[in-house]
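Examining the three-dimensional arrangement
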Amino acid sequence: MNYTIAVIPGDGIGPEVMEETKKVLEAVGRKFGHQFAFQTVLAGGAAIDAFGECLPQNTIDVAKSADAVLLGAVGGPKWDALPGEQRPEKALLRLRKELGLYANIRPAKVFSDLADASPLRPEIIGKGLDIVIVRELTGGIYFGKRGHVETEFGEAAYDVEQYSVGEIRRISRTAFEMARKRRGIVSSVDKANVLESSRLWRKTVNEVAEDYPDVTLNHFYVDNASMQLIRDPRQFDVILTSNLFGDILSDEASQITGSIGMLPSASLTDGNFGMYEPVHGSAPDIAGTGKANPLATILSAAMMLRYTLNLPEEADAIENAVDRFLAAGFRTADLSGGAPDALSTKETGDRVAAMI
Ligand code: NAI
Ligand code: MG
C-alpha cells in the first residue's frame, strides 16, 4: 500500500530525530511492501524564519490531506522573546484545533531493560509497568472563556473550565475502546467533590460505561490520582481525564518511566486520523550534538502505524526492534548517564532500522 505522511520536523533536535524515524519507516516499508511518501512542511520556529508565521496555511493543508502527521518538536531560545500569540509553540495548539485532534494518547511504559531508569523502587513499578493516559485535548480550561476584570482587590484574571456532554462522551469512548484492547480498566480522573464541570464529567462517563460492560470503571479525584500514581502505579491501565488534569498527570506518569527520550504520543480525531509526536520538546541544549534519543519519535511512528494506518504487525515490528535494541545493551546518552560508548542519534536509527 501507499501512504502519504505529512512530516513536520520542527526545531532543535526535531529534524534530527525525524531523519532516523523516516529511516525506520522505510525499513518497515521494505519488509512489508509499503511505500511511505513523506511530505515535509514547516511549523514552529523554522516556519517563522522562512515565512514569518509559525503555522503557514500550506502546512495545515498538507497535514489535512495526508493519511497521518508526524511531528518532531517546536520552539527554542531564538524565538522566546516573541509575544505568546506568535511563538512557535502556538503552532501546536492551532494545529490540534484545526485538525480536530481531541484525544491525546500518552503511553507511560517502563521498558523492562530500562527499569533502573525509573525513580521508583523496582517492587513498586513491578515488571513492565504500562499505563496509557487519554487526555481531552481541545476543550476545558485551555479553550474556555478568559479575561480580566477589576475587583476590590485590584485587577483579576479568569479562565473558565467548561465541558459539554458531547465532548465528554467522545473522549470517554476513546478510553473505553482502548481499555477493551488492553487490561480492561478505565480510571476516570476529575474533581467532582468541588467542580460542577467534574460532576457532569463523572455522570457522563458513567453513562458511556453502560455500553462497555466488559470494562471496569473507577473514579479518582485528581489529588488522589496524582498520589496513587507514585504509591501504586500498577493499579492503572487507562487513565481518562480532562485537558488540564491530563497535562499535569501525563508529565508525572512520564517521569515514572525515567526517560523522556523514550515516550511517544498520539493525538487523534473521531475517525482514525492522527498526529504523532514525541512527548519531549526541541531540547536546544543538545541540538546538533548527535546526543538526541530518536526512540520516542520512532515509537510515535509505531503508534501511527497501529492507530491511523491500521498496520498492527508493522507497529509490532518497530516496537520489537526497539525492545531488542535495548536488550542488546545499546544505549543513547540520555539512557547511559553520558557513558563514552553511548550511541549517537544516527547510530541508533541505523541499528533500529537494521533490526526491523
Ligand atoms: P525538552 O523536552 O526539550 O528538554 C528537557 C530536557 O530533556 C533537556 O535537558 C533535553 O536535553 C532532554 N531531552 C529532551 N528530549 C530528549 C531526547 N530525545 N534525547 C535526549 N534528551 C532529551 O523541554 P524544554 O527544555 O522544557 O523545552 C525546550 C523547547 O521545546 C522549548 O522551546 C519548549 O517550549 C519546547 N517544547 C516543545 C514541545 C513540543 O514541540 N511538543 C513540548 C515541550 C517543549
Ligand atoms: Mg505539558
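One numbering rule holds for all chains: residues counted from 1, following each sequence as written. Labels are handed out in written order, letters beginning with A for the chains and numbers beginning with 1 for the ligands. Local features are withheld for residues below a pLDDT of 70 in this predicted model, meaning they are given only at 70 or higher, and side-chain atom pairs are given and counted only at 80 or more; totals for whole chains, interfaces and linings count all residues.

On to the overall build of the protein chain, then. What the protein chain contains, in helices and strands, is twelve helices and twelve strands. As defined in this context, the radius of gyration uses C-alpha atoms, and a globule is described by 2.2 Å times the residue total to the power 0.38. For the protein chain, the C-alpha radius of gyration of 20 Å lies close to 21 Å, the compact-globule estimate for 356 residues. Taken along its principal axes, the extent of the C-alpha atoms in the protein chain is 60 × 50 × 40 Å. For the protein chain, buried positions account for 47% of its 356 residues. Secondary structure counts use DSSP, requiring at least four H or I residues in a row for a helix and at least two E residues in a row for a strand, with both numbered from the N terminus. Counts of 20 or more other C-beta atoms within 10 Å of a residue's own C-beta define buried residues, counts of 12 or fewer define exposed ones, and intermediate counts define partly exposed ones; C-beta atoms are placed from the backbone.

Quick look at the domain arrangement of the protein chain now. Frequently, the measure chosen for interface size is the accessible area that the parts lose on association. Domain borders in the structure are assigned automatically or taken from a domain database. According to the domain assignment, the protein chain consists of domain 1 (1-107 + 263-356) and domain 2 (119-257). Distance from the C-alpha centre of domain 1 to the C-alpha centre of domain 2: 25 Å. Sorting the residues of the side of domain 1 that touches domain 2 by element identifies α4 (90-99), β4 (103-109) and β11 (264-268) as the ones contributing at least two each. If one sorts the elements of the side of domain 1 that touches domain 2 by residue count, β4 sits on top with five residues. Amino acids outside the nonpolar list (Ala, Val, Leu, Ile, Met, Phe, Trp, Tyr, Cys, Pro) and the charged list (Asp, Glu, Lys, Arg) are all regarded as polar, and Gly is one of them. Its residues assigned to classes, the side of domain 1 that touches domain 2 shows eight nonpolar, two polar and four charged.

Right, let's talk about the sheet that holds strand β1 (residues 2-10) for a bit. A sheet is described by the order of its strands in space; here ten strands give the open sequence β2-β1-β3-β12-β11-β4-β5-β10-β8-β9, paired in mixed fashion. One side of each edge strand has no neighbouring strand; the edge strands of this open sheet are β2 (35-40) and β9 (216-221). In this sheet, adjacent strand axes meet at a mean angle of 25 degrees when their direction is disregarded. We call two residues in contact whenever the C-beta atoms placed from their backbones are within 7 Å. Angles run from 0 to 180 degrees between N-to-C directions of axes, and those axes are lines fitted to C-alpha atoms, restricted for helices to the stretch in contact. Contacts from helix α10 (residues 295-307) reach β3 (68-73), β11 and β12 (274-278), with the element oriented near 160 degrees to β12. Strands are labelled as partners when DSSP assigns at least two bridges between them.

What follows deals with the UniProt feature "site: Important for catalysis" (unreviewed entry) in the protein chain. UniProt positions are given in the numbering used here, feature names are shortened, and annotations may be inferred rather than shown by experiment. If you check UniProt for "site: Important for catalysis" (unreviewed entry), the listed places come out as Tyr142 and Lys191 in our numbering. Positionally, Tyr142 belongs in the loop between β5 (130-136) and β6 (146-151). Inspection of the secondary structure puts Lys191 in the loop between β8 (185-190) and α7 (196-209). Not counting residues within four places of it along the chain, the set of residues in contact with Lys191 comprises Ser198, Tyr221 and Val222.

On to the site of ligand 1. Contacts to ligand 1 come from 22 residues, most closely from Gly75, Gly261, His280, Gly281 and Asn293. Residues of the shell around ligand 1, tallied by class, amount to eleven nonpolar, seven polar and four charged. By definition, a residue lies near a molecule or strand provided its backbone-derived C-beta atom is within 6 Å of it.

Here helix α6 (residues 165-180) crosses α7 at 50 degrees, and the two axes come no closer than 9 Å. Here α6 is positioned oblique relative to α7, judged by the angle of their axes. When you trace α6 past α7, the crossing you get is right-handed. Contacts from Val165, Ile168, Arg169, Ser172, Arg173 and Phe176 of α6 reach α7 at Leu200, Trp201, Thr204, Val205 and Val208. A breakdown of the residues in the contact of α6 with α7 according to their chemical character gives seven nonpolar, two polar and two charged. Angles below 35 degrees are treated as roughly parallel, those above 145 as roughly antiparallel, those between 65 and 115 as roughly perpendicular, and all remaining angles as oblique. Crossing handedness is read from the near helix: turned anticlockwise from the far helix by less than a right angle, it gives a left-handed crossing, and turned clockwise, a right-handed one.

Turning our eyes to something else, we now look at the confidence of the model for the protein chain. Confidence along the protein chain averages 95 in pLDDT terms, with 100% of residues attaining 70 or more. Here the predicted complex carries an ipTM of 0.98, next to a pTM of 0.92. Confidence scores labelled pLDDT are given residue by residue by the predictor and lie between 0 and 100.

For the rest of this paragraph, the subject is the packing of helix α1 (residues 14-32) against α10. Look at α1 against α10: their axes get within 8 Å of each other, and the N-to-C directions meet at 45 degrees. As the angle between them shows, α1 and α10 are arranged oblique. Handedness of the α1/α10 crossing: right-handed. For the pair formed by α1 and α10, the contact residues are Val17, Met18, Glu20, Thr21, Val24 and Leu25 on the first element and Thr297, Ile298 and Ala301 on the second. Grouping the constituent residues of the contact of α1 with α10 by class yields six nonpolar, two polar and one charged.

This brings us to α6. Helix span, expected: 1.5 Å multiplied by one less than the number of residues in the helix. With 16 residues, α6 should reach 22 Å at 1.5 Å per residue; the first-to-last C-alpha distance of 22 Å fits that figure. Along α6, the positions that sit buried rather than exposed are Ile168, Ile171, Ser172, Thr174, Ala175, Phe176, Met178 and Ala179. On its buried face, α6 sits against β4, β5, β8, α7, β10 (238-241) and β11.

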